[in-house]
2 protein chains.
Amino acid sequence: MKQVGIVGLGLIGGSFAKAIKKFDSSIKITAFDKDEKALESALIEHSIDDYDSENLKNCDLVLICLYPQATVDFIRNNAAKLKDDALLIDICGIKKGIVYYVEYILGSEHRNDVDYVSCHPMAGRECWGYENSLASIFKNKNFLITKTPNIKESAIEKAKEFATNCGFSNIQITTPEQHDKIIALTSQLAHIVSSAYIKSPTAQYASGFTGGSFADMTRVANLNENMWAELFLQNKEYIIEELDIFEKNLEQFRYAIKGNDSNMLKSILAKGRERREMLDQLDVEN
Amino acid sequence: MKQVGIVGLGLIGGSFAKAIKKFDSSIKITAFDKDEKALESALIEHSIDDYDSENLKNCDLVLICLYPQATVDFIRNNAAKLKDDALLIDICGIKKGIVYYVEYILGSEHRNDVDYVSCHPMAGRECWGYENSLASIFKNKNFLITKTPNIKESAIEKAKEFATNCGFSNIQITTPEQHDKIIALTSQLAHIVSSAYIKSPTAQYASGFTGGSFADMTRVANLNENMWAELFLQNKEYIIEELDIFEKNLEQFRYAIKGNDSNMLKSILAKGRERREMLDQLDVEN
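Criteria and thresholds
- Residues numbered from 1 in each chain as written.
- Chains lettered and ligands numbered in written order.
- Predicted model: local features only at pLDDT ≥ 70, side-chain atom pairs only at ≥ 80, totals over all residues.
- Helix = DSSP H or I, 4+ residues; strand = E, 2+ residues; numbered from the N terminus.
- Buried ≥ 20, exposed ≤ 12 C-beta atoms within 10 Å, placed from the backbone.
- Contact = placed C-beta atoms within 7 Å.
- Expected span 1.5 Å × (residues − 1).
- Arc of directions from axis to C-beta.
- Pairing = 2+ DSSP bridges.
- Right-handed = clockwise from strand over helix to strand, strands pointing away.
- Least-squares fit on C-alpha atoms with pLDDT ≥ 70 in both.
- Axes fitted to C-alpha atoms, helices over the stretch in contact; angles between N-to-C directions.
- Nonpolar A, V, L, I, M, F, W, Y, C, P; charged D, E, K, R; others polar.
- Core = buried A, V, L, I, M, F, W, Y, C linked by C-beta atoms within 7 Å.
- Domains from an automatic or database assignment.

Novice: What exactly am I supposed to notice about the overall build of chain A here?
Specialist: Tallying secondary structure elements over chain A gives ten helices and seven strands in all. Principal axes of the C-alpha set define a box for chain A whose edges measure 70 × 45 × 35 Å. Counting the 286 residues in chain A, one finds 51% classified as buried. Contacts in chain A between residues at least 24 apart in sequence constitute 74% of all its contacts with a sequence separation of at least 6.

As structure tokens, then:
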């Protein structure tokens, strides 16, 4: 891998540029973004080498760090310009609505030579834009790779190697469907809950009255609404499913509290504790 | 303050013993607990000096680190044995149902000489018992002191000094009512949400599919169900109020997602982000 193209030089794209340079500073990086300020900053910081869009045709790896719809648009408009046998990776937070469509586009553009692997780096910050990017945000994080019948084993191996080089410590192979179902709970619903939680009028008086739990509960309310609105709508079925389950579990608490049912409360709290203990055990073994 | 009594040598009581000894190792600590193993461990570790229940009458400060009902019971059974003019502090997570009742008990036992101040250290861990206690859990944490018309200023000053000596950096004076209303959101609802969240069947497959948000959302599901069930029932009105507000805010998301309403979604997400930014600003200024 001598030349990498990074499309979208925001928090994630910028962090990948820095992580790649940290791994091997001889790899050339071309960035693609409409934000000239970010491109100029990245040039000055040597996170990238140029932003000459003509260089797309020379990139062995093209890493698309855009929102879902923009990812599809970029690939549709630029499929013909990709280098022969290039590795093409997107990092969208939803997969079902992206992966098969991109495969279809590549097929219809006669670009079956391109190794397309749809991935999801489970890393982020409560801020965005190139100016907040850091090589270290990927360190020891989870990296998800989605597999479809069209993807070659060799392409998956290349994506794995790329993730390891960027600092990820745990790589999971999944399907677009499984990815979207699990991520609806582990990421998207968490952002919805956090945003809903912090909107209580009481939260205005929370300062000085908090331990760790309120901070944890509301941390990710600080989000980029344009990206998350798009993710929620692209994964609506699984999110609504999880919201239904969550609200049913909340209702158990409501009835137990309203009914002064101490035994019921202890029993549902114990089930939550046992689940947390089970997951901690799985994470230790992982 | 030469002699302190700590009633209940669990996570919080044990941590107070260690924090007091760290501040001034010459302060004598008598512990009261039915768990002999904890008492013996604390003796060996020099966190306490004895567990002779006769010593209650010599304690300048009696710190009650029990659940709410047990706190009331202890004070009812031992009011007559307290030292003249002792400082009596409880650390229950709910206040309305405790503070006025304890004041009544002290009055009816003719112990108006006792300076009773009801406090709430906003600190904890996802584990419990003396064996998990640490002096450091109070460092730079919030400490709440509830004030009623019966409490003398001098008693509040003593409680403040005690909290500062134990490592707390931010002390808030509040009322039992305000405490319970705000804590319903900043602590109790967080534990309900966390416990409800982790019970999704999908959570069993979360390992390897998580970033920071799922861990944050479910951390406090690892709780002591006996204590939390009691807290929830003692603060049921405020908790149900917050649960109502929270579920209404969740419903906004449900309708916006089901209706494919991207603008609505962006708008409600932006409101959550702005609230988080406002609170961050308040915390910086605090």
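Novice: Even after reading the chapter, I still don't get helix 4 (residues 96-108) of chain B, so can you show me in this structure?
Specialist: Counting along an α-helix, one turn takes 3.6 residues, and residues three or four places apart therefore face a common direction. Residue and element names in this part refer to chain B. Look at helix 4: 19 Å from first C-alpha to last across 13 residues, which is about the 18 Å you get at 1.5 Å a residue. Listing the buried residues of helix 4 in full gives Ile98, Val99, Val102 and Leu106. Buried residues of helix 4 fall within an arc of 95 degrees about the axis and therefore sit on the same side. Pointing more than 90 degrees away from the buried face of helix 4 are the exposed residues Tyr104, Gly107 and Ser108. Once helix 4 finishes, His110 follows within two positions and takes phi at roughly 55 degrees, a positive value.

Novice: Teacher, can you tell me more about the pairing of strand 3 (residues 61-64) of chain A here?
Specialist: Looking down a regular strand, the side chains alternate between one sheet face and the other. All names here are of chain A. The alternating pattern of strand 3 places Leu61 and Leu63 on one face and Val62 and Ile64 on the opposite face, and all of these are buried. Judged from the four bridges that link them, strand 1 (residues 3-7) and strand 3 form a sheet pairing that is parallel. Within strand 3, the position partnered with Val7 by the bridge is Ile64. Crossover connection from strand 3 via helix 3 (residues 68-78) to parallel strand 4 (residues 87-90): handedness right-handed.

Novice: Help me understand the relation of the copies chain B and chain A in this model?
Specialist: The operation relating the two chain copies consists of a rotation about an axis and a shift along that axis. Note on the identical chains: chain B maps onto chain A by a rotation of 180 degrees and an axial translation of 0.0 Å, with an RMSD of 0.0 Å. Taken together, the rotation angle and the small translation identify this as a two-fold axis. A symmetric contact is evident, with 100% of the interface residues of chain B recurring at the interface of chain A.

Novice: Whenever I open this one, the sheet that holds strand 6 (residues 142-146) of chain A confuses me. Can you help?
Specialist: All names here are of chain A. Strands sit in the order 2-1-3-4-5-6-7 across an open sheet of seven strands; the sheet is mixed. The strands lining the two open edges of the sheet, one partner per strand, are strand 2 (28-32) and strand 7 (170-174). With direction set aside, neighbouring strand axes in the sheet form an average angle of 25 degrees. Across four bridges, the pairing between strand 3 and strand 4 is parallel. Residue pairing in the sheet places Leu63 in a bridge with Ile89 of strand 4. The strands touched by helix 6 (residues 176-198) within the sheet are strand 5 (115-122), strand 6 and strand 7, with strand 6 carrying the most contacts at an inclination of about 140 degrees.

Novice: How should I be thinking about the sheet that holds strand 4 (residues 87-90) of chain B in this particular structure?
Specialist: Consider a sheet: its strands pair through backbone hydrogen bonds, and that pairing is either parallel or antiparallel. Residue and element names in this part refer to chain B. Read from one edge of the open sheet, seven strands run 2-1-3-4-5-6-7, paired in mixed fashion. Of all strands in the sheet, those with a lone pairing partner are strand 2 (28-32) and strand 7 (170-174), marking the two edges. Mean inter-strand twist for the sheet, computed between neighbouring axes without regard to direction, equals 25 degrees.

Novice: Whenever I open this one, the interface of chain B and chain A confuses me. Can you help?
Specialist: The figure often quoted for interface size is the accessible area lost as the parts come together. Between chain B and chain A, the contact holds 80 residues from the first and 80 residues from the second. At the level of secondary structure, the elements contributing two or more residues to the side of chain B that touches chain A comprise strand 6 (142-146), strand 7, helix 6 (176-198), helix 7 (212-218), helix 8 (225-234), helix 9 (236-258) and helix 10 (262-285) of chain B. A breakdown of the residues in the side of chain B that touches chain A according to their chemical character gives 39 nonpolar, 23 polar and 18 charged.

Novice: What exactly am I supposed to notice about the environment of A:Ala70 here?
Specialist: Along the chain, A:Ala70 turns up in helix 3. As for A:Ala70 and A:Asn224, which are separated by 154 residues in sequence, their C-alpha atoms are 16 Å apart.

Novice: So what exactly am I meant to see when it comes to the nonpolar core here?
Specialist: Across soluble globular proteins, you tend to see nonpolar side chains buried next to one another. In terms of nonpolar packing, the biggest core is built from 181 residues, with A:Ile6, A:Leu63, A:Ile89, B:Ile6, B:Leu63 and B:Ile89 touching the most fellow members. If sequence neighbours within four positions are ignored, B:Ile89 has contacts with B:Leu61, B:Leu63, B:Ile64, B:Val117, B:Cys119 and B:Ala159.

Novice: What exactly am I supposed to notice about helix 8 of chain B here?
Specialist: Most of helix 8 of chain B is tucked away, with eight of its ten residues classed as buried. When helix 8 of chain B is considered as a whole, its buried residues turn out to be B:Glu225, B:Trp228, B:Ala229, B:Glu230, B:Leu231, B:Phe232, B:Leu233 and B:Gln234.

Novice: How should I be thinking about the environment of B:Thr202 in this particular structure?
Specialist: Residue position: B:Thr202 is located in the loop between helix 6 and helix 7. For the pair B:Thr202 and B:Ile89, spaced 113 residues apart in the sequence, the C-alpha separation amounts to 44 Å.

Novice: For this particular structure, what's the right way to read the environment of B:Ala80?
Specialist: Note that B:Ala80 resides in the loop between helix 3 (68-78) and strand 4. Between the C-alpha atom of B:Ala80 and that of B:Lys57, which follows or precedes it by 23 residues, the distance is 9.0 Å.

Novice: Would you explain unusual backbone geometry in this entry?
Specialist: Both trends apply: most residues other than glycine have a negative phi, and most peptide bonds are in trans. A positive phi angle, near 60 degrees, is found at A:His46, a position not held by glycine. Among the structural elements, A:His46 can be located in the loop between helix 2 (36-44) and strand 3. Residue classification places A:His46 among the exposed positions, given that 12 C-beta atoms sit within 10 Å. Not every positive phi belongs to a glycine, and B:Asn140 is a case in point at roughly 60 degrees.

Novice: What's the story with the domain arrangement of chain A in this structure? I'm lost.
Specialist: All names here are of chain A. Taken domain by domain, chain A consists of domain 1 (3-174) and domain 2 (179-285). Here domain 1 and domain 2 have C-alpha centroids that lie 31 Å from each other. Taken together, the 14 residues of domain 1 in the interface contact 13 residues of domain 2. Elements that contribute at least two residues to the side of domain 1 that touches domain 2 include exactly helix 3, helix 4 (96-108) and strand 6. Looking at the side of domain 1 that touches domain 2, its residues break down into five nonpolar, six polar and three charged.

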